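# Fold and geometry: a report
One-letter residues, chain by chain:
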There are 2 protein chains.
Amino acid sequence: MTASKSAVQYGYHKGNLRDRLLETAQKLLQNEELSALSLRRVARDVGVAPSAIYNHFKSLDELLAAIAADGYRQIEALERVAYDTIADPEACLRHLTREYLHFAASNPSLYRLMFSRAVLGYRALPEVDEAGDTSFRVSVEWWYGSGSYDPSKSAIHYPYALAVWSLCHGAAMQMLDGMVTVGEAPEISVDALADALMNVFLRGALVGVPK
Amino acid sequence: MTASKSAVQYGYHKGNLRDRLLETAQKLLQNEELSALSLRRVARDVGVAPSAIYNHFKSLDELLAAIAADGYRQIEALERVAYDTIADPEACLRHLTREYLHFAASNPSLYRLMFSRAVLGYRALPEVDEAGDTSFRVSVEWWYGSGSYDPSKSAIHYPYALAVWSLCHGAAMQMLDGMVTVGEAPEISVDALADALMNVFLRGALVGVPK
DNA sequence: GCCGAATATGAACATCGTTCACATTCGGCG
DNA sequence: CGCCGAATGTGAACGATGTTCATATTCGGC
């Protein structure tokens, strides 16, 4: 066996354990609830001692942060595709909202992880902050023109970007918490939810206000 | 000592331990982060054995659920005051949004607990569900007229109520996660945030759309 | 005044994140 | 080729967690 780069996957030195840990943890989040994700569980699934993880991550928080950051980058990718592909602003926003809610509905545990920074131990690590900020910056530049984003300014200075983001995130959370029943045909219901929200958001709520 | 109802606060039978547990846990959430709240910690602060809690709650989840439900009732109270007090719909909505964000900013740990059902162990227990549903129903009836709420219908059938709720919740989360810096004068910044969001929400985003 | 029900205790268990001394393997340098 | 330090993985241990159980104490009604 003249394997040049670690062909065996048992015993010492399994090669690229870091990536295997991340993949295993992500697969875990796809199939189970967030509470099922633990350092020891990931180690067990990979077939490695719990302490081995500490050769690749300083703590569990860092593993979680890496996964959450990847989630933000997926959302950023959704944004970029929509912004680059759909010229009509209204159609673009409607499409993006649907995609966003589909992401949350398809990856509920990951989505919860991304927005549980302070709930779980993992405080905002630089990697998560950066990925999250980037996804917001992309939105700001769509609304206010490319290069308009100033990191020193609070998000409140970009009210449109802030409002869509808040609206989508709030709706996603309610969906995951079961306040919005998606029923037995999720892909249809999620689209309907997105459209309903966008109908209000684009035209304004004043027309629906009582009296 | 002819104390008719347990005057001593040490030894066996401390009297109304349930309420003292809830109060202690709530005080804990006011002063520390959500991660500091644990069954053993509450027991320690009250001065009681951890297992004593199980005489009043079936599990830690039930204690958390009781606290979260109380939080929802506080929000419901904010709603009722606004709806009953302010006749002008726009002013009413603006006021309520400010109050909502103030609540989240003033009780960050409690707010996080309320919206972490599936993150923490505690799955949606009936008490939390009921309190959450009630706070939504109050909103629905304001938008669509009293008695219009039908619990068998999904929230998607009340798009205005759903949208404000989503918007406020999403903004609150971003605020707590530091994506919206409230600065050194929170009470001012929170109001500004609420107003900025409502400016978009009431008039619609179409007017701000690029091009 | 007594007895069952309610309540509190303390020890135990499994699980968790983390640390440490130690074992193994890899990679480069003589 | 062989060796040696660095990288990587192991296994035992520690403290903390939620939960359970047998036991002890106190309360309330007869």
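Presented here is an overview of the structure given in this document. (Residues numbered from 1 in each chain as written. Chains lettered and ligands numbered in written order. Predicted model: local features only at pLDDT ≥ 70, side-chain atom pairs only at ≥ 80, totals over all residues. Heavy atoms only, no water.)

## With respect to the interface of chain B and chain A
On the side of chain A, 54 residues touch chain B, which itself brings 54 residues to the contact. When chain B packs against chain A, close to 4800 Å² is buried across both sides, 69% of that on carbon and sulfur atoms. Counting across the interface, chain B meets chain A through zero salt bridges. Seen at the junction of chain B and chain A, the total is ten residue pairs in polar contact (both at pLDDT 80 or more). For the side of chain B that touches chain A, the secondary-structure elements that each account for two or more residues are α4 (89-106), α6 (126-144), α7 (159-176) and α8 (186-203) of chain B. A breakdown of the residues in the side of chain B that touches chain A according to their chemical character gives 34 nonpolar, twelve polar and eight charged. (Contact = heavy atoms within 4.5 Å. Buried area = accessible area lost by both parts, 1.4 Å probe. Salt bridge = Lys/Arg side-chain N within 4 Å of Asp/Glu carboxyl O. Polar contact = N/O pair within 3.5 Å; in protein donor to acceptor, adjacent residues only side chain to side chain. Helix = DSSP H or I, 4+ residues; strand = E, 2+ residues; numbered from the N terminus. Nonpolar A, V, L, I, M, F, W, Y, C, P; charged D, E, K, R; others polar.)

## Some thoughts on the side chain of Glu-76 of chain A
Within the element layout of this structure, Glu-76 of chain A appears in helix α3 (residues 60-85). If near-sequence neighbours (up to four positions away) are discounted, Glu-76 of chain A is found in contact with Thr-134, Ser-135 and Val-138 of chain A.

## Some words on the relation of the copies chain B and chain A
Mapping chain B onto chain A calls for a rotation angle of 180 degrees and an axial translation of 0.0 Å; the resulting RMSD is 0.1 Å. In short, the pair behaves as if placed about a two-fold rotation axis. When C-alpha distances to the rotation axis are compared across chain B, the minimum falls at Gly-204 of chain B, with a value of 1.6 Å. Comparing contact sets, 100% of the residues at the interface of chain B also lie at the interface in chain A, consistent with an isologous, same-surface contact. (Least-squares fit on C-alpha atoms with pLDDT ≥ 70 in both.)

This is a description of form; function is not addressed.
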